[in-house]
Amino acid sequence: PRLLSQFFFADERVTRVVAEINGLDAELDPQQYLVLLNQLHLSQSHLLAVLERIMEECIPTQRHSRDYLVKFPEELLVDNLGNHMLFAAECLLAGTFAEVEEADRAQLRPQARNLLCSLELVRTVLREQSLSQPSSYPEPVRAVLVQFDRLFAEFELSYVSSLVAVKSPEDIYRQQEIIVLFCETVERALHLGYLTQEMIDGYEPLLMFTIPRLAIIGGLLIYPEGPLSLERSPEEMSRIFSPFYNLLKKIRDLLRVLSVEELFLLERSLCTAE
C-alpha cells in the first residue's frame, strides 16, 4: 500500500519497456514496435499517476498553482494531459515535433530539457528512497518534488499556449457571466413553476433545451446588463453569442412588445416544445 513501493514497481515497468524499445529494430518488426509504444504510454501514465499521489501526500501545500488550467480549451482538459506533456517534451528535444512553430520550439526546448532532467532526478531519488525508507519523505526528496512540480506546470502552460489561443481574463469573465445567467435562469424557472427540482435532480433531458431557451429570454429582458447585453459590440460579447448578434436584436425587439401574460405563455411553451 505504500506509495513509494508502488512508484518503484511503476518505474521498473517504464525502464523495462524503454529497454525493449531500444533493443528493437522498428523497421524489421513495426507491429511489435507499436505494441511497445502503447505499453510505454500506459506505463508512463501509471507512473505519473503514482507520482501525482506522492506529491499530494508529500508536498500538498507547496504545489505549483494550476489556476492557468481555466484558460485552456475544455477539450484539452483530459486525463492523459500530463503524459502528452512528457511526450511533447521528448519530441521537442529530439527535433521531431512539427506542431509548434520554430520560434516557439526554440523557447520550449530549454524548458523541455529542464523538465525531463528533473523527472529523471525524481525517479532516481524516489527509487533510492523506496529502497531505504519507503515510509518517509526527507527534505531533499521534497525539494526535488517541488522543483519538478514547478517545471512541469511552467512547461505545460508554455506548450499549450504555443499551440492554441488560451482564454484571456476577459474570456474567463464572460464565461463566468454565462454561468451566473444560467444559474439565475434556473432559480427563476423554479420560482415560476416552469421547472421542478425533481427534473433537475433527475437530469431530465428536456432541460438541455429548456434552460438555454429561457436563458436567452432572461438575458435579453430580465438581466439586460449581463452576457447578452446588446449595448456591447459583437466583439465584446462571448463567442457563444456574438455570431447571433443581429438575430438576438430581432428577438429582443419582438419580446418587448409582449405583455406579461404573453411572456409567461411563451416561456411556458418553451419548456415543453421540442
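Residues numbered from 1 in each chain as written. Predicted model: local features only at pLDDT ≥ 70, side-chain atom pairs only at ≥ 80, totals over all residues. Heavy atoms only, no water.

An unreviewed UniProt entry lists the protein under the name LST2 protein, with Campylorhamphus procurvoides as the source organism.

1. Section: the overall build of the protein
Stated precisely, the cut-off is as follows: Secondary structure follows DSSP: runs of H or I at least 4 residues long count as helices, runs of E at least 2 residues long count as strands, and numbering of each begins at the N terminus. Here the globule rule reads 2.2 Å times residues to the power 0.38, and the radius of gyration is calculated from C-alpha atoms. Only protein chains enter the accessibility calculation, which uses a 1.4 Å probe; a residue is then buried when its area is under 20% of its type maximum, exposed when over 50%, and partly exposed in between. In this description, contact between two residues means that some pair of their heavy atoms is separated by no more than 4.5 Å. The accessible surface values rely on the Shrake-Rupley method and a 1.4 Å probe; as for residues, cover is taken only from the protein chains in view. Only four residue types enter the charge count, namely Lys and Arg as positive and Asp and Glu as negative; His and the chain termini do not. We put the charge of a Lys on NZ, of an Arg on CZ, of an Asp on CG and of a Glu on CD.
The number of helices and strands found in the protein is 10 helices and zero strands. Across the protein, helices and strands are ordered from the amino to the carboxyl terminus as α-α-α-α-α-α-α-α-α-α. Relative to the globule expectation of 19 Å for 274 residues, the C-alpha radius of gyration of the protein, 26 Å, shows a markedly less compact shape. In terms of its C-alpha atoms, the protein occupies a principal-axis envelope of roughly 75 × 45 × 40 Å. Looking at the protein as a whole, 37% of its 274 residues are labelled buried. A separation threshold of at least 6 residues defines the contact pool for the protein, and within that pool the share at least 24 residues apart is 71%. Entry remark: accessible area of the protein is about 16200 Å², with carbon and sulfur atoms responsible for 58%. Computed over 25 positive and 41 negative side-chain charges, the separation of the two mean positions in the protein equals 2 Å.

2. Considering helix H6 (residues 169–192)
How we decide: Each residue after the first adds 1.5 Å to the expected span of a helix.
Taking 1.5 Å as the rise per residue, H6 with 24 residues should run 34 Å; its terminal C-alpha atoms sit 35 Å apart, in good agreement. Restricting attention to buried positions, one finds in H6 the residues Ile172, Arg174, Glu177, Ile178, Leu181, Thr185, Val186 and Ala189. Contact partners of the buried residues in H6: helix H7 (197–201) and helix H8 (207–222). Trailing H6 by a residue or two, Gly193 shows a phi angle of about 85°, which is positive.

3. Here's the deal with the packing of helix H4 (residues 102–132) against helix H5 (residues 139–163)
Our working definition: Orientation is described by axes fitted as lines to C-alpha atoms, over the contacting stretch for helices, and by angles from 0 to 180 degrees between their N-to-C directions. These descriptions rest on fixed angle ranges, namely under 35 degrees for roughly parallel, over 145 for roughly antiparallel, 65 to 115 for roughly perpendicular, and the rest for oblique. Two helices cross in a left-handed way if the nearer one is turned anticlockwise from the farther one by less than a right angle. They cross in a right-handed way if the turn is clockwise. In this classification, Asp, Glu, Lys and Arg are treated as charged, Ala, Val, Leu, Ile, Met, Phe, Trp, Tyr, Cys and Pro as nonpolar, and every other residue, Gly included, as polar.
The N-to-C vectors of H4 and H5 enclose an angle of 150°; their axes lie 9 Å apart at closest approach. As the angle between them shows, H4 and H5 are arranged roughly antiparallel. The hand of the H4/H5 crossing is left-handed. A breakdown of the residues in the contact of H4 with H5 according to their chemical character gives 16 nonpolar, seven polar and two charged.

4. Observations regarding the state of the cysteines
Here is the idea: a disulfide is a covalent bond, and it sits between the sulfur atoms of two cysteines. Keep this limit in mind: Only a pair of cysteine sulfur atoms within 2.5 Å counts as a disulfide in this structure description.
Applying the stated criterion across every chain, the model contains zero disulfides. We note that Cys117 lacks a disulfide partner, and the nearest cysteine sulfur, in Cys91, lies 16 Å from it. Lacking any disulfide linkage, Cys271 is separated from the closest cysteine sulfur, that of Cys183, by 17 Å. On the accessibility criterion, Cys271 (6% relative accessible area) is buried.

5. Describing the confidence of the model for the protein
What counts, and what does not: The predictor reports its confidence for every residue as pLDDT, a score running from 0 up to 100.
Looking at the protein as a whole, its pLDDT mean stands at 88, while 96% of the residues score no less than 70. Looking across the protein, the model is least confident in helix H3 (residues 81–94), with a mean pLDDT of 85, and most confident in helix H1 (residues 3–22), with 93.

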